Every structure is written in structure tokens, then in C-alpha cells.
Amino acid sequence: MTRDFAKQQGWRGGARRLAVLALLGVGCKAGMCGSGSGPLSAEERKAMPGVIAFVSERAPQKDVWLVRPTGEESQLTRGPEDEYPIAPSPDGAAVMVVAAAQVGGLHVEQLRLVPLGGGEPVMLTEPRGRARNPSWAPDGRWFVAESDAEGFSDVVRQEPRAGAEVKRLATAREGNFEPSVSPDGTQVAFVSSREGDPEIYVMKADGTDVRRLTAFYKEDMAPKWSPDGKWISFLSDREGRTRVFVVKPDGTGLRAVSGSAVTGEEREPVWSPDGQKLAFVAREKTEKEGKARIWVVGVAGGEPVALTDGKSVNDQPEWSPDGKYLAYASDRTGDVELFLMRADGSGQTQLTSAKGADWLPRWFVPKEPPDAGRAVSP
């Protein structure tokens, strides 16, 4: 989730306006990008782990669906609001969603925990203007999120149950955004504008010992811990275009992860499960009707490699739990659908095909496989 939730909701329209990416010298190996290597076999897809939660616009409102890598689908939510899958619980028993609606001309959001095994969704927050960007503690006993319950935008912590006490961890009149819990659950990275412009900060999980990691007059945003806890990725426009940067939790080692390569406007970074690679999206902003490619780069260094061609909008990469595959959204068929590919860009395979956009994939291992076709929420 980016700080501006409206941008996420408007992804489709925004994607249509993306710019064309030039084909660069660094990129796909011959025959591997696009459909050149052929789709994944049924046997290979059957061996993939987990299930993918995603947003579908096949109904008038946006709902959360689940799809197995083999293509079997089930609908998870049917609420009257638009619902987006944000964070599967660490134990794989539920998916935290953001429900968004217009009430009396105002945009309101609510965090809900939707169990995969059936039962009513748990209303974690009251509907309010800002309830977004949740991040789980590794043991699943608490989470942090953005909230405007008491201020413009605070980072708060609470247990995943209705009526739980809400503790404000970071407060500032200028706002605090996009919290991310460290893999060991001891720290929280977040964005704060408390000193004039958005910078990356880290604090202990109880809200103490706040430390500033970045200091530049332009915007730093969207911090995410690597799974091994050694790095924090973030986006910054400090070079005149948005790029993916990494910094160590002590503030050292700050650098653009794509080095000297020119990939375009970068966004949507996502860590591989082993913390060794970052997949991201790059878009050129100079064209009116543009495309977007998915790239991958080693955090230790080296040139980024394009996993998709520049012929369509490919966005929102999501690693499989074993790090061998990626799911992503693409408009290459004329509609926005989910696709799969191996981690080297080969075997690109269409996963969904319903009329209406399918996007925002979240790949995880469920505690128990959900029943195909069963709706959970009323």
C-alpha cells in the first residue's frame, strides 16, 4: 500500500495513462520475456505452493477472490463496499482487507479480518477516513496501521480482534504513514513528515527510541523490511524520478538498488522470500499512453533484469512463498488479468480470465485450503 490509498484504488485508470518504456540494453534474455518460452505446464502449476488473494472487478463493487496456481477460484468477500486484500495473517488462517466506501460524500475505510475457514469477518476498526497500510507482527498477535482516530495520521498498534485497545506509537501533526514491522517484531519502520518533508524513521515496537534514517529535502516513502531484516527498501524522488532505494536499519548503506541502470520511474518493490532480490515495476513517464515492465535485481549489486517485455502494462509483482515464481497483473489481453511466471521471467501464463479487472495479488500459504466456490462474508 502506498501512502495515498486513492492511488491504489485508481490503479486501473492510472495504468492506462502510464508511459511507454523504451526497450533497454539490459533486460529479457532471448525468448524468455512475454510468451516466448511457452506457458507453465499443468504439472508445474500443481506443484506451486499456496493460494493468491486478489481484487476482482467482475461485480459492480470490488471483491476479494482467491485463486490457486492451477486456476481454481473462490470468492472470499461479498460486502457492498469495495474490498482489497492487504495482508494475509502470518498463520494463514485469515486475510486482512481494507473495505472502502463513500458515506455522505466522504471516503471511509475499515480494516476487517476475513477468516478463510468460514465465519463472519472481524471488524478491527470503526469506519473512518484513514484505516490502512496494516503490517503484521511475525507471531500474528498484533499489527500496526495508519489511523486518523485521534490525529491526521498516526501509526497505531492493536491486537487483531474487535474492540481491542489501540495504542498510538507515532504521532505528529504533519502525519505518520506506511508502517512496516521488522521480521523479528522488535522494530517498526515508517514515514513521518514531522520535520518538514517525508523521511524514513525506525522505532521500537512499543513506540520508543525513534530514529531518523533518511535526510533529504524530497520525498522518501513506502519502507519495507527485507525478510532477513538486513535492509529496508523505500521509494524516493531525490534524483528527479522515483527510484527504489535500500538502507540498513542503522541508516548506513543507502543506495539506489538499480545502480546506474536507467529503468524509468520505479515503484512497487517487493522482496524475495530469501531477502536476496527485489522485484519492482518501472514506467516511463514521458508518454501519454505507456507500458510498464517488471524487473528484478540482486540486493548485493548488479544490473537489473527485465522479466516482462515493454508491450503492455505489467504491474504489482508478488513472489510465491518459495521464491520460485511471481504473480502479477497485466493488461496484455485487453483486460487486466493475473499472470504467473518463473522467477527468471520464463513460462508466462495467464491465471485469471473473468471479464473485469483482476489485480493486487497477495500470494500466501493458507492454514487450510479454502473450498472452491464458497463465499465467506455476507
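Data block above holds the structure.
Analysis parameters
Residues numbered from 1 in each chain as written. Predicted model: local features only at pLDDT ≥ 70, side-chain atom pairs only at ≥ 80, totals over all residues. Heavy atoms only, no water. Pairing = 2+ DSSP bridges. Helix = DSSP H or I, 4+ residues; strand = E, 2+ residues; numbered from the N terminus. Axes fitted to C-alpha atoms, helices over the stretch in contact; angles between N-to-C directions. Buried < 20%, exposed > 50% of the residue type's maximum accessible area, 1.4 Å probe, protein only.

Draft legend 1. Local environment of the sheet that holds strand 5 (residues 94-103). Taken in spatial order, the four strands of this open sheet run 4-5-6-7, and their pairing is antiparallel. Of all the strands in the sheet, the pair left with one neighbour each is strand 4 (82-88) and strand 7 (122-123). With ten bridges joining them, strand 5 and strand 6 (residues 106-115) adopt antiparallel strand pairing. The residue of strand 6 that forms the bridge with Ala100 is Glu109.

Draft legend 2. Spotlight on the sheet that holds strand 10 (residues 154-158). The four strands are arranged 8-9-10-11 in an open sheet whose pairing can be described as antiparallel. The open sheet terminates on both sides in strands that have one partner only, identified here as strand 8 (131-136) and strand 11 (167-170). The mean inter-strand angle of the sheet, taken between neighbouring strand axes irrespective of direction, is 30°.

Draft legend 3. Summary view of unusual backbone geometry. Located in the positive-phi region is Glu178, a residue other than glycine, with phi close to 50°. Structurally, the position occupied by Glu178 is in strand 12 (residues 176-181). With a relative accessible area of 4%, Glu178 lands in the buried category. Here the phi dihedral of Asp209 falls at roughly 55°; this positive angle occurs in a residue that is not glycine. In this fold, Asp209 is placed in the loop between strand 14 (199-204) and strand 15 (211-212). A relative accessible area of 43% places Asp209 in the partly exposed class.

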